[in-house]
Amino acid sequence: MADLFENPMGLCGFEFVEFAAPTAGVVEPLFERMGFTLVARHRSKDVVLYRQGDINFIVNREKHSPAWYFAAEHGPSACAMAFRVRDSHKAYQRALELGAQPIEIATGVMELRLPAIKGIGGAPLYLIDRFEDGRSIYDIDFEWLPGVPRHPVGHGFKVIDHLTHNVYKGRMAFWGSFYERIFNFREIRYFDIQGEYTGLTSRALTAPDGLIRIPLNEESGKAGGGQIEEYLMQFNGEGIQHIALLTDDLLASVDALQMAGIPLLTAPNDIYYEMLAERLPGHGEPVEALKARGILLDGSTTGGDKRLLLQIFSQPALGPVFFEFIQRKNDQGFGEGNFKALFESLERDQLRRGSLGATSSKEPA
Ligand SMILES: [Fe+2]
């Protein structure tokens, strides 16, 4: 993909997300049910690689490693992530010059030293320039399991579409500037979603490569106690709230997830699906099939220009951390229209049941 704008760090997509849990056997079965396959084991550490398409999920079980301490503090979580860069040495030097804090990770004999800076919640953010098959970091530091395909198709998920950070109230500017200053990310969307009691502000940042997208969420309701605050309490700090995986066929992928027993968020009410025709006239998607699976639809169809996004969320899967499954048909948003649509569908449902506006709709006595 050609760069969207100046790309001084030479970014080219997500390389991996690393996970850890205080107890073994939490993350691994979840990934298997999500369609990932164990493809490689680290040569010297208790670290394994799960893969689906071009998505790398590393599970780090090494005692006394940064991942181990991270899990002790935050519970089962994404404890590190990696960006692909064209030249990791150059990118690392540039990041340090711009004020990024280096993180030293102890390496074993004959093991690659992967440059990392301090990222969200203190988690290492690695810069990786060895990602081609045959010369990747896994070809050096890991052993491939015999007879296992290197890029298993799984449930059809191909890449990490985006991952979202939850930050403390007032910290949005800090994290926005971190990605803008060091990596030249740009804000492509800003939205403020107010429910009746709570709210959240979201700033969606996109990297110059158009492949790394990181929305930042902050609590915005006056009362407090909203979903972002709840996450921060439960997670014991700022961190990755959800990771979205991209597929070309969400209907088939969701069927596979359901067969495998991945708990997904309950489908919205029927009114949400009835409203699709007025929200997105001429969308052309099979409403009954979406409804049967609880898949949400967003985007726009203004002037016959169809830009659609199909999405569905998992239940919280690792502590408060959850996954999103997404298919894009020319829409580059994050489903923000669904927040409003879900809210309105609940309101209309209340109206139909007579629990809202019951007095105002009556004829005057
Ligand atoms: Fe998302």
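Given the structure is predicted, the values throughout are model-derived calculations rather than measurements.

Another point: the packing of aromatic side chains. Taken as a whole and judged by the stated rule, the model has 28 aromatic pairs. Seen in terms of ring centroids, Phe14 and Phe83 are 6.0 Å apart; in terms of plane orientation they differ by 70°. Their pairing is edge-to-face. Highlighted residues: Phe14 in strand S1 (residues 11-20) and Phe83 in strand S5 (residues 77-85), separated in sequence by 69 residues. Both residues of the pair, Phe14 and Phe83, count as buried. Linked through ring pairs, Phe14, Phe83, Phe174, Trp175, Phe178, Tyr179, Phe183 and Phe185 together constitute an aromatic cluster.

Glancing now at the pattern of salt bridges. This model, assessed by the stated rule, comprises 21 salt bridges. Here Asp161 makes a salt bridge to Arg213, at a shortest N to O gap of 3.4 Å. With a gap of 52 residues between them, Asp161 in strand S10 (residues 157-167) and Arg213 in strand S13 (residues 213-219) connect regions that are remote in the sequence. Among the residues examined, Arg213 registers a relative accessible area of 10% and is labelled buried. Each of Glu15, Asp54 and Arg84 takes part in one network of salt bridges that share partners.

We now examine the UniProt feature "domain: VOC" (unreviewed entry) in the protein. When the UniProt feature table is mapped onto this chain, "domain: VOC" (unreviewed entry) is found at residues 13-130 and 159-292. Secondary structure content for residues 13-130 is 22% helix and 38% strand, and the end C-alpha separation is 13 Å. Secondary structure across residues 159-292 divides into 35% helix and 31% strand, with the first and last C-alpha atoms of the span separated by 25 Å.

Another point: the environment of Gln227. In this fold, Gln227 is placed in helix H6 (residues 227-235). With 29 residues separating them along the chain, Gln227 and Thr198 place their C-alpha atoms 7.9 Å apart. Ignoring anything within four residues of it in the chain, the contact list for Gln227 reads Leu200, Glu219 and Gln241.

With that settled, consider the sheet that holds strand S16 (residues 307-313). Strand order in this open sheet of eight strands is S11-S12-S13-S10-S14-S17-S16-S15, and the pairing throughout is mixed. Edge positions in the open sheet fall to strand S11 (186-194) and strand S15 (296-300), since each of these has one partner strand only. Sheet twist, expressed as the average angle between the axes of neighbouring strands with direction ignored, equals 25°. In this structure, S15 lies alongside S16, joined through five bridges in antiparallel fashion. If you follow Asp298 over to S16, its bridge partner there is Leu309. The strands that helix H10 (residues 336-353) touches are S11, S15 and S16; relative to S15, the one it contacts most, it runs at about 120°.

Attention now goes to the layout of surface pockets. What the largest pocket holds in volume is close to 1400 Å³. Every residue lining the largest pocket is counted, 50 residues in all, and those nearest its centre are Leu200, Gln227, Leu265, Phe339 and Leu342. Residues belonging to the lining of the largest pocket are distributed by class as follows: 20 nonpolar, 23 polar and seven charged. Lining the second largest pocket are 38 residues, with Glu18, Lys45, Asn60, Ile105 and Tyr126 positioned closest to its centre. At the level of secondary structure, the elements contributing two or more residues to the lining of the second largest pocket comprise S1, strand S4 (55-60), helix H2 (66-74), S5, strand S8 (124-128) and helix H4 (137-141). Ranked by residue count, the leading element in the lining of the second largest pocket is H2, at six residues. Its residues assigned to classes, the lining of the second largest pocket shows 21 nonpolar, eight polar and nine charged.

Moving on: the side chain of Glu15. By the element assignment, Glu15 lies in strand S1. What makes Glu15 buried here is its relative accessible area of 2%. Aside from chain neighbours lying at most four places away, what touches Glu15 is Asn56, Ala82, Phe83, Arg84, Ile128, Phe131 and Tyr138.

For the pair helix H8 (residues 270-279) and H10, the least separation of the axes is 9 Å and the interaxial angle reads 120°. Our classification of the angle between H8 and H10 gives oblique. Considering the relative orientation of H8 and H10, their crossing is right-handed. Packed against H8, whose contacting residues are Ile271, Tyr272, Glu274, Met275, Glu278 and Arg279, the element H10 presents Gly337, Asn338, Ala341, Leu342, Glu344, Ser345, Arg348, Asp349 and Arg352 at the interface. Residues that form the contact of H8 with H10 fall into these classes: five nonpolar, three polar and seven charged.

A few words on the pairing of S10. Of all the eleven residues making up S10, nine are buried; the element is thus mostly covered by neighbouring parts of the structure. Sheet topology places S10 next to strand S14 (residues 239-247); eight bridges connect them, and they run antiparallel. Across the sheet, the residue bridging to His165 is Ile240, located in S14. One ladder, built from three bridges, connects S10 with S13; its direction is parallel. Looking at S13, one finds that Val167 is bridged to Glu218.

Thresholds applied
- Residues numbered from 1 in each chain as written.
- Predicted model: local features only at pLDDT ≥ 70, side-chain atom pairs only at ≥ 80, totals over all residues.
- Heavy atoms only, no water.
- Phe/Tyr/Trp six-rings, centres within 6.5 Å; stacked < 30°, edge-to-face > 60°.
- Helix = DSSP H or I, 4+ residues; strand = E, 2+ residues; numbered from the N terminus.
- Buried < 20%, exposed > 50% of the residue type's maximum accessible area, 1.4 Å probe, protein only.
- Salt bridge = Lys/Arg side-chain N within 4 Å of Asp/Glu carboxyl O.
- UniProt positions renumbered as here; feature names shortened; annotations may be inferred.
- Contact = heavy atoms within 4.5 Å.
- Pairing = 2+ DSSP bridges.
- Axes fitted to C-alpha atoms, helices over the stretch in contact; angles between N-to-C directions.
- 1 Å grid on protein atoms, 1.4 Å probe; cavity = no way out; pocket = protein on both sides within 12 Å on 5 of 7 lines; lining within 4 Å.
- Points joined across faces, edges and corners; volume = space filled by probe spheres on them.
- Nonpolar A, V, L, I, M, F, W, Y, C, P; charged D, E, K, R; others polar.
- Parallel < 35°, antiparallel > 145°, perpendicular 65-115°, else oblique.
- Left-handed = near helix turned anticlockwise from the far one by under 90°.

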